[in-house]
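So you can see what is in the structure, the chains are spelled out below.
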Amino acid sequence: MANPVLKHLEWPFFEPRHRELAAQLDAWCAEFLHSGHGADVDAECISLVRALGQGGWLRHAVAGTALGGAAEVIDTRAICLLRETLARYNGLADFAFAMQGLGSGAISLAGTPEQRERYLPAVARGEKLAAFALSEPQAGSDVAALQCSARLEGDSYVLNGEKTWISNGGIADFYVVFARTGEGEQPGGAVRGSRGISAFIVDAGTPGFEIAERIEVIAPHPLARLKFSDCRIPASQRIGAPAEGFKIAMRTLDVFRTSVAAAALGFARRGLQEGLAQAKSRAMFGAHLADLPLAQAKLADMACTVDSSALLVYRAAWQRDQGQTVTREAAMAKLMATEGAQQVIDAALQLHGGRGVRSGEIVESLYREIRALRIYEGASEVQQLIIGRDLLK
């Protein structure tokens, strides 16, 4: 590979099609994407989804060639390569791509033919924005504490409750919502546990559904708190059988969890690139920063962290594409890649000195972008629990 950033594509985890895909996207990103965000993040995110759809990249986030997908089954390595490359160029572009996959993943996995036909082609074209509504004020990592409810009335379900930290909240065209329907729960017992949770598609604008609050975070992204007040939807909008929602949610997250690590890897690679460029160009003590042994040691640590994270990410992605269970491997990849990326970007910022904390600098943007990845889709502490429990089996 002529581009040193793509050198890892020579590893045996990849097939020729993966190498071609990554090189094509890298060229597309170099032409169409820029670092940083504009003033109107909602509009920019919508525009990025449209561009990703027109470029054909969202096809890889959808399963089923007849529905606009690139393959019948989502290719984990392709998803990871796409997220790594997009994150290296633009964090919001990575976000836009990821949410199209995560938000529609439950429909790809368990939707009816009618549901798939109605939503997935539009997702692949970038014409409909998707959202995944699982977290609640008191149910983040502890999904079993979910309380949003859906009661069956005739041929409709009536939803009540709240969701929060919902990506694409406020701009999505539809939301996959997980709510407690009660099947299999103990009579009179506390509302808790993975039983009795079902999945539903709720279109934006449905009466009784509102965006209760827009949430501002350190790296601007569309986020919101959702509220359901006697929100009535047809029973045909349920995904899968009653009480299968928890299983569907976990299967969806399983597809995309390794890709979170890949996004962190992309941020880390950009941090290393920026750190190297700064060290080579910054004059210091009659030489350059790169000539100082301490700077060289820092760069060496950054490079080791990037490569070790990449090995974990693509081991997990390769194993999953072989049909293997990757509970431990995916957790290891997410834990090490996200924590490692934070360290690499912090080091890159340190190499920039005072310039590194200046608003608008690439390393300053990376510093804000990476922080959330250590929390969402399973915080680092949750990944440690998963790994520890798997080791003790």
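Further up the page is the structure itself.
Trainee: Give a detailed account of the overall build of the chain, specifying residues and quantitative values.
Mentor: From N to C terminus, the chain includes ten helices and ten strands. Taken over C-alpha atoms, the radius of gyration comes to 21 Å for the chain, in line with the 21 Å a tight globule of 393 residues would show. Counting only C-alpha atoms and orienting by the principal axes, one finds that the chain spans roughly 80 × 45 × 40 Å. A burial count over the chain gives 54% of its 393 residues as buried. Carbon together with sulfur atoms contributes 54% to the accessible area of the chain, which is approximately 16800 Å² in total. Separation between the mean location of the 41 positive side-chain charges and that of the 44 negative ones in the chain comes to 3 Å.

Trainee: Could you give an account of the packing of helix H6 (residues 245–281) against helix H9 (residues 362–371), naming the residues involved and the relevant values?
Mentor: Packing of H6 against H9 brings their axes to within 10 Å, and their N-to-C directions diverge by 155°. In terms of axis orientation, H6 runs roughly antiparallel to H9. The two elements H6 and H9 cross, and the hand of that crossing is left-handed. Of H9, the residues touching H6 (which contributes Ala264, Phe267, Arg270, Gly271 and Glu274) are Ile362, Val363, Leu366, Glu369 and Ile370. Across the contact of H6 with H9, the residue classes break down as six nonpolar, one polar and three charged.

Trainee: Please provide a residue-by-residue account of the pairing of strand S1 (residues 130–133), values included.
Mentor: A two-sided burial pattern is seen for S1, the buried positions comprising Ala130 and Phe132 on one face and Ala131 and Ala133 on the other. As paired strands, S1 and strand S4 (residues 174–180) are joined by four bridges and run parallel to one another. Across the sheet, residue Ala130 finds its bridge partner in S4, namely Phe174.

Trainee: With reference to specific residues and values, describe helix H2 (residues 41–54).
Mentor: In a regular helix each residue adds 1.5 Å, so 14 residues correspond to 20 Å; H2 covers 20 Å between its end C-alpha atoms and thus fits that length. Those residues of H2 that are buried are in contact with helix H1 (16–32), helix H3 (76–89), helix H4 (91–110) and helix H5 (113–125). In this structure Asp40 caps H2, since a side-chain oxygen of it lies 3.3 Å from the backbone nitrogen of Asp42. Among the residues trailing H2, Gly56 stands out with phi positive, at a value near 85°.

Trainee: Please set out the environment of Ile166 residue by residue, giving values where relevant.
Mentor: Assignment of secondary structure puts Ile166 in strand S3 (residues 156–167). You can call Ile166 buried: its relative accessible area is 1%. Note: C-alpha distance between Ile166 and Ala224 (58 residues apart in sequence) is 5.3 Å. Not counting the four nearest positions on each side in its chain, Ile166 is found in contact with Ala131, Phe132, Ala133, Leu134, Ser135, Tyr175, Pro222, Leu223, Ala224 and Leu226.

Trainee: Quick one: what's the story with the nonpolar core, residue by residue and with numbers?
Mentor: With 55 residues, the main nonpolar core has Phe178 and Ile239 as its most contacted residues. Counting residues in each nonpolar core, the second largest holds 43 residues, with Leu9, Phe13, Phe14 and Leu373 among its members.

Trainee: Please set out the packing of aromatic side chains residue by residue, giving values where relevant.
Mentor: Under the definition given, this model contains nine aromatic pairs. When the centroid spacing of 5.0 Å and the interplanar angle of 10° are considered together, the rings of Phe209 and Phe228 count as stacked. Pair noted here: Phe209 is in strand S6 (residues 209–214) and Phe228 is in strand S7 (residues 223–234), with a separation of 19 residues, a long-range link. Following the ring pairs from residue to residue traces out a cluster consisting of Trp28, Phe32 and Trp57.

Trainee: Tell me about the layout of surface pockets, and name the residues and values.
Mentor: Here the second largest pocket is characterised by a volume of approximately 340 Å³. In terms of lining, the second largest pocket is formed by 13 residues, of which the most central are Pro4, Val5, Arg269, Leu272 and Asp307. At the level of elements, H6 and helix H7 (293–321) are the ones that each hand at least two residues to the lining of the second largest pocket.

Trainee: Give me the environment of Ala330: which residues, what numbers.
Mentor: Position of Ala330 relative to the elements: it lies in helix H8 (residues 327–352). Take Ala330: its relative accessible area is 4%, and that puts it in the buried class. When the C-alpha atoms of Ala330 and Arg257 are compared, they prove to be 6.8 Å apart, with 73 residues separating the residues in sequence. Apart from residues lying up to four places away in sequence, Ala330 is in contact with Thr258 and Ala316.

Trainee: Outline the side chain of Arg269, listing residues and values.
Mentor: With respect to the element layout, Arg269 can be found in helix H6. At 3.3 Å, the side chain of Arg269 and the side chain of His8 are in polar contact.

Trainee: Go over unusual backbone geometry with me, naming the residues and quoting the values.
Mentor: If you check the backbone angles, Asp230 has positive phi at about 50° while not being a glycine. Tracing the chain through its elements places Asp230 in strand S7. Phi angles above zero are rare outside glycine, and Ala243 is one such case at about 70°. Looking at the element boundaries, Ala243 is found in the loop between strand S8 (238–239) and H6. Given a relative accessible area of 28%, Ala243 falls into the partly exposed group.

About the thresholds
- Residues numbered from 1 in each chain as written.
- Predicted model: local features only at pLDDT ≥ 70, side-chain atom pairs only at ≥ 80, totals over all residues.
- Heavy atoms only, no water.
- Helix = DSSP H or I, 4+ residues; strand = E, 2+ residues; numbered from the N terminus.
- Rg over C-alpha atoms; globule rule 2.2 N^0.38 Å.
- Buried < 20%, exposed > 50% of the residue type's maximum accessible area, 1.4 Å probe, protein only.
- Areas by Shrake-Rupley, 256 points an atom, 1.4 Å probe, with all protein chains shown as cover.
- Lys, Arg positive; Asp, Glu negative; His and termini not counted.
- Charge placed at Lys NZ, Arg CZ, Asp CG, Glu CD.
- Axes fitted to C-alpha atoms, helices over the stretch in contact; angles between N-to-C directions.
- Parallel < 35°, antiparallel > 145°, perpendicular 65-115°, else oblique.
- Left-handed = near helix turned anticlockwise from the far one by under 90°.
- Contact = heavy atoms within 4.5 Å.
- Nonpolar A, V, L, I, M, F, W, Y, C, P; charged D, E, K, R; others polar.
- Pairing = 2+ DSSP bridges.
- Expected span 1.5 Å × (residues − 1).
- Polar contact = N/O pair within 3.5 Å; in protein donor to acceptor, adjacent residues only side chain to side chain.
- Core = buried A, V, L, I, M, F, W, Y, C linked by side-chain atoms within 4.5 Å.
- Phe/Tyr/Trp six-rings, centres within 6.5 Å; stacked < 30°, edge-to-face > 60°.
- 1 Å grid on protein atoms, 1.4 Å probe; cavity = no way out; pocket = protein on both sides within 12 Å on 5 of 7 lines; lining within 4 Å.
- Points joined across faces, edges and corners; volume = space filled by probe spheres on them.

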